[in-house]
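The residues making up each chain are set out below.
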Amino acid sequence: MSYRTIRHSSISLAAVAWLALAGCSDGDIVGTSNEPAVDTHAITFYFPVESGYTSTLEVRESDGHTSTVTFKVGDEVPLGSSSAVQWFHQEGSGFDTSYIRTNGTAIYLYETSSSSPERILQGPLVQGSSWTRYPTVDPPQDTTTIVTGETDFGDIIDKDGDNGGGGGAAKSFPTTGSNEMRVERVETILLTSGSSFAGCAKVTNQLSDGSENQYWFAPGYGLVKYVIGATENYPSGRQTGELVSFIK
């Protein structure tokens, strides 16, 4: 396991403490997206689900307030009639446990063990492809098969209840807004730290006020940047998150 920071600054004490508990030492090595992956065709290449993988993002609000949020992949545990991977979310003093399921072509997030699934990513991640966050067919009940039972979620818009205007602070992943997600393009993203990640899938969806959410998923690293409520005049939107450190 290796620990990387991708900028020359400190992160929150809570995040540092958590990383220390994971058994990794602090470092100061610039991270890139050039490290090899086992299977570049699997959706987990863009959303790592290996136990122990940890990423910390700095979150900046439009009023200048900053904080950090840390995501960590836990172990495989029973969930319902099958299993899922634990997804830990820490922001400030708050700590939550959610769950991830994947079938190799899509990533599904369960906020709680009884929540409806949200489809975070759906392959292939190529320009113009799209999917719905809340599908009408149940996601896989384990990591290799898909169940055939159906659950009618309907065309749910802004299921999070913020009318498309809020950030992701109340969730264990910062998706919000309309049901449809779309891959705008694959590109290199440059973070404000100066680090760049090549081959990122830029995924977008719309908010009810006409603004746009934007998410960049880097191969081998997962979510490396997001913007909530971007407009032409305010490209940084109401909230921006950028990767500042990770553990592999």
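The written sequence of each chain sets the order in which its residues are numbered from 1. Given that the model is predicted, a residue must reach a pLDDT of at least 70 before its local features are reported, and side-chain atom pairs must reach 80 or more before they are shown or counted; all residues, however, enter totals for whole chains, interfaces and linings. Computation of side-chain values: all heavy atoms of the structure, hydrogens and water removed.

Some thoughts on the overall build of the protein chain
So, step 1. The helix and strand labels rest on DSSP assignments: H or I over at least four residues marks a helix, E over at least two residues marks a strand, and numbering proceeds from the N terminus. Of the regular secondary structure elements, the protein chain holds one helix and 13 strands.
So, step 2. For the protein chain, the sequential pattern of α-helices and β-strands runs β-α-β-β-β-β-β-β-β-β-β-β-β-β.
So, step 3. Relative accessible area decides the class of each residue, using a 1.4 Å probe on protein chains only: under 20% of the type maximum gives buried, over 50% gives exposed, and in between gives partly exposed. Evaluated residue by residue, the protein chain yields a buried proportion of 52% over its 248 residues.
So, step 4. Sequence-distant contacts, at least 24 apart, represent 49% of the contacts inside the protein chain between residues at least 6 apart.
So, step 5. Accessible surface, the protein chain as shown: approximately 11200 Å² in total, 51% of it carbon and sulfur. The contact definition used throughout considers only heavy atoms, calling two residues in contact when any of these lie within 4.5 Å. Values of accessible area rely on a 1.4 Å probe in the Shrake-Rupley scheme; residue burial ignores everything except the protein chains shown.

Some details on the pattern of salt bridges
So, step 1. We define a salt bridge as a side-chain nitrogen of Lys or Arg found within 4 Å of a carboxyl oxygen belonging to Asp or Glu. On inspection of all chains with the given rule, the structure shows seven salt bridges.
So, step 2. Note that Glu 58 and Arg 60 form a salt bridge whose closest N and O atoms lie 3.9 Å from each other.
So, step 3. Two residues, Asp 209 and Arg 238, come together in a salt bridge whose shortest N-O distance is 3.3 Å. In this pair, Asp 209 sits in the loop between strand S10 (196–206) and strand S11 (212–218) while Arg 238 sits in the loop between strand S12 (222–230) and strand S13 (239–247), placing the two residues 29 residues apart along the sequence.
So, step 4. Note on Arg 238: relative accessible area 27%, which makes it partly exposed.
So, step 5. Through salt bridges with shared partners, a single network forms among Glu 118, Arg 133 and Lys 171.

Comments concerning the nonpolar core
So, step 1. Formed by 42 residues in total, the largest nonpolar core has its most connected members in Phe 47, Leu 121, Phe 197, Phe 217 and Val 224.
So, step 2. Among the elements that line this core, the one with the most residues is S12, at six residues.
So, step 3. In this structure, Leu 79, Ala 84, Ala 106 and Tyr 110 belong to the second largest nonpolar core, which totals seven residues. What makes a nonpolar core is a set of buried Ala, Val, Leu, Ile, Met, Phe, Trp, Tyr and Cys residues whose side-chain atoms join them at distances within 4.5 Å.

With respect to the side chain of Asn 179
So, step 1. By secondary structure assignment, the location of Asn 179 is in the loop between strand S8 (130–132) and strand S9 (180–190).
So, step 2. Judged by its relative accessible area of 4%, Asn 179 is buried.
So, step 3. Side-chain atoms alone can form a polar contact between residues adjacent in sequence; in general such a contact is a pair of N or O atoms within 3.5 Å, and within protein one must be able to donate a hydrogen while the other accepts it. At 3.0 Å, the side chain of Asn 179 and the backbone nitrogen of Tyr 134 are in polar contact.

Here we look at the packing of aromatic side chains
The geometry of an aromatic ring pair comes down to the distance between the two centres and the angle between the two planes.
So, step 1. When the centres of two rings from Phe, Tyr and Trp lie within 6.5 Å, Trp using its six-membered ring, the rings pair. Their planes under 30 degrees apart give stacked, over 60 give edge-to-face, and anything left gives tilted. Counted according to the given criterion, the structure contains eleven aromatic pairs.
So, step 2. With a centroid separation of 5.7 Å and 45° between ring planes, the pair formed by Phe 47 and Phe 173 is classed as tilted. Placement of Phe 47 in the loop between helix H1 (13–21) and strand S2 (54–61) and of Phe 173 in the loop between S8 and S9 is noted, with a sequence separation of 126 residues between them. There is no split in this pair, since Phe 47 and Phe 173 are both buried.
So, step 3. Taken together, Phe 47, Phe 71, Trp 87, Phe 173 and Phe 217 form an aromatic cluster joined through their ring pairs.
So, step 4. Taking NZ or CZ as reference, Lys 248 lies 4.0 Å from the ring centre of Tyr 221, over its face. Remark: a charge is flagged as sitting over a ring if the NZ atom of Lys or the CZ atom of Arg is within 6 Å of the ring centre and within 35 degrees of the ring normal.

Some remarks on the pairing of S11
So, step 1. Counted residue by residue, S11 has seven buried out of seven residues, so it is predominantly covered.
So, step 2. By the alternation rule, side chains of S11 split into Glu 212, Gln 214, Trp 216 and Ala 218 and Asn 213, Tyr 215 and Phe 217, which are all buried.
So, step 3. Relative to S11, S10 runs antiparallel, the two sharing six bridges. The partner of Thr 204 across the bridge, within S11, is Gln 214.
So, step 4. Linking two consecutive strands that pair antiparallel, namely S10 and S11, is a turn of five residues; a positive phi of about 95° is found at Gly 210 within it.
So, step 5. For two strands to pair, DSSP has to find at least two bridges joining them. Counting the residues that bridge the hairpin from S11 to S12 gives three residues, and of these Gly 220 lies at a positive phi of roughly 90°.

Details of the environment of Thr 97
So, step 1. The topology assignment puts Thr 97 in strand S5 (residues 94–102).
So, step 2. Residues Thr 97 and Tyr 110, 13 residues apart in the sequence, show an inter-C-alpha distance of 9.5 Å.

Some points on the environment of Ile 43
So, step 1. Structurally, Ile 43 can be placed in the loop between H1 and S2.
So, step 2. Distance in space between the C-alpha atoms of Ile 43 and Gly 222 is 9.9 Å, their sequence separation being 179 residues.
So, step 3. When residues no more than four places from it in sequence are discounted, the contact partners of Ile 43 are Thr 102, Gly 104, Thr 105, Ala 106, Ile 107, Leu 121, Gln 122, Gly 123 and Leu 125.

A look at the pairing of S9
So, step 1. Pairing between S8 and S9: three bridges, direction antiparallel. Bridging from a neighbouring strand, Ser 130 pairs with Arg 182 of S9.
So, step 2. Where S9 folds back onto S10 in an antiparallel hairpin, the turn is made up of five residues, including Gly 194, whose phi is positive at roughly 100°.

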